[in-house]
Amino acid sequence: MTKNSIISKKLTEIREFHHLSMKQVAEGIGMKPDSYRNYESGRLQPNLDTLSKLADFYHVTTDYLLGRETGEPENIDRLASEFNMTALEKKILDNYLSLPKHMRTDLMEFLHKSVQEVQQESNHD
C-alpha cells in the first residue's frame, strides 16, 4: 500500500467515524473542500503542516494518520498466541488498539450500552 493510499484511507475512516463531511473537515482545518478532497482520494499527499492540523483536528497523532506501527503488534502476537486467537480476533484487537484513545472509549461505551440493552430485553422475556 502506498503512503498516499494509507493516508487517504485513514482520513476517510476517521472522518466517517466522526460522521463529518469533507467540507466540515476542510473548514475545520482552514482549507478549501476541493483541496481536502484530493487528500482523501489519494491524488495529493498532505504536507507536514496540513498533516499536523488534521492530527490536531481529530486529536490523534500524525503517526496514526500515516498508518505507522506503534510497537503494539508484538504484544498482540503474544496475546494471540497465549489465548489461541483466530486471525479475525487478532485483527479486531489490532484495529481496536490502533484507534485513538477517545475512539476506543466511545466504542467501549457503545458496546457496554448494547450489552445492557440486550440483557434488559432478555429479562423482559
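This is a predicted model, so every value here is computed, not measured.

How do you make sense of the overall build of the protein chain when you look at a structure like this?
Check the secondary structure of the protein chain and you find 8 helices and 0 strands. When the helices and strands of the protein chain are listed from N to C terminus, the series reads α-α-α-α-α-α-α-α. The 125 residues of the protein chain split such that 23% are buried. By element, 53% of the accessible surface of the protein chain is carried by carbon and sulfur atoms, the whole surface being about 8800 Å².

What is the right way to read the nonpolar core from this model?
Here is a general trend for soluble globular proteins: nonpolar side chains tend to be buried in one another's company. With 19 residues, the main nonpolar core has Leu11, Tyr36, Leu54, Tyr58, Val60 and Leu65 as its most contacted residues. Of all the secondary structure elements, the ones that give two or more residues to this core are helix 1 (3-17), helix 2 (22-28), helix 3 (33-41), helix 4 (48-58) and helix 5 (62-66). Top contributing element to this core by residue count: helix 4, with 4 residues. Once residues within four sequence positions are removed from consideration, Leu54 is found in contact with Leu11, Val25, Ile29, Tyr36 and Leu65.

Explanation requested: a nonpolar patch on the surface in the structure shown.
Together, Met108, Phe110 and Leu111 line one region of the surface with nonpolar side chains, adding up to about 310 Å² of accessible area. Here Leu111 lies in helix 8 (residues 101-124).

Looking at this structure, I do not really get the confidence of the model for the protein chain. What am I missing?
A low pLDDT means the predicted coordinates there should not be read in detail. The pLDDT averaged across the protein chain works out to 85; a share of 89% of its residues lies at or above 70. The least confident element of the protein chain is helix 6 (residues 72-82), whose mean pLDDT is 65; the most confident is helix 2, at 95.

Even after reading the chapter, I still don't get the pattern of salt bridges, so can you show me in this structure?
In a structure, side chains of opposite charge can pair up when their charged atoms sit close to one another. In this structure the tally under the stated criterion is 5 salt bridges. Here Lys9 ties to Glu13 by a salt bridge, and the two come within 3.4 Å at their closest N and O atoms. On the criterion of helical spacing, the pair formed by Lys9 and Glu13 is a turn pair, its members being 4 residues apart in helix 1. A residue is classified by how much of its surface remains accessible, and Glu13, at 35% relative accessible area, is partly exposed. Here Asp49 and Lys53 are joined by a salt bridge, their closest N and O atoms 3.6 Å apart. Of the two residues, Asp49 and Lys53 both sit in helix 4, 4 residues apart, roughly one turn of that helix. Note on Asp49: relative accessible area 49%, which makes it partly exposed. Relative accessible area serves as the criterion here: at 37%, Lys53 is assigned to the partly exposed category.

Procedures and definitions
- Residues numbered from 1 in each chain as written.
- Predicted model: local features only at pLDDT ≥ 70, side-chain atom pairs only at ≥ 80, totals over all residues.
- Heavy atoms only, no water.
- Helix = DSSP H or I, 4+ residues; strand = E, 2+ residues; numbered from the N terminus.
- Buried < 20%, exposed > 50% of the residue type's maximum accessible area, 1.4 Å probe, protein only.
- Areas by Shrake-Rupley, 256 points an atom, 1.4 Å probe, with all protein chains shown as cover.
- Core = buried A, V, L, I, M, F, W, Y, C linked by side-chain atoms within 4.5 Å.
- Contact = heavy atoms within 4.5 Å.
- Patch = residues over 30% accessible without salt bridge, like charges linked within 9 Å, V, L, I, M, F, W, Y side chains within 5 Å.
- Salt bridge = Lys/Arg side-chain N within 4 Å of Asp/Glu carboxyl O.
- pLDDT = per-residue confidence, 0-100.

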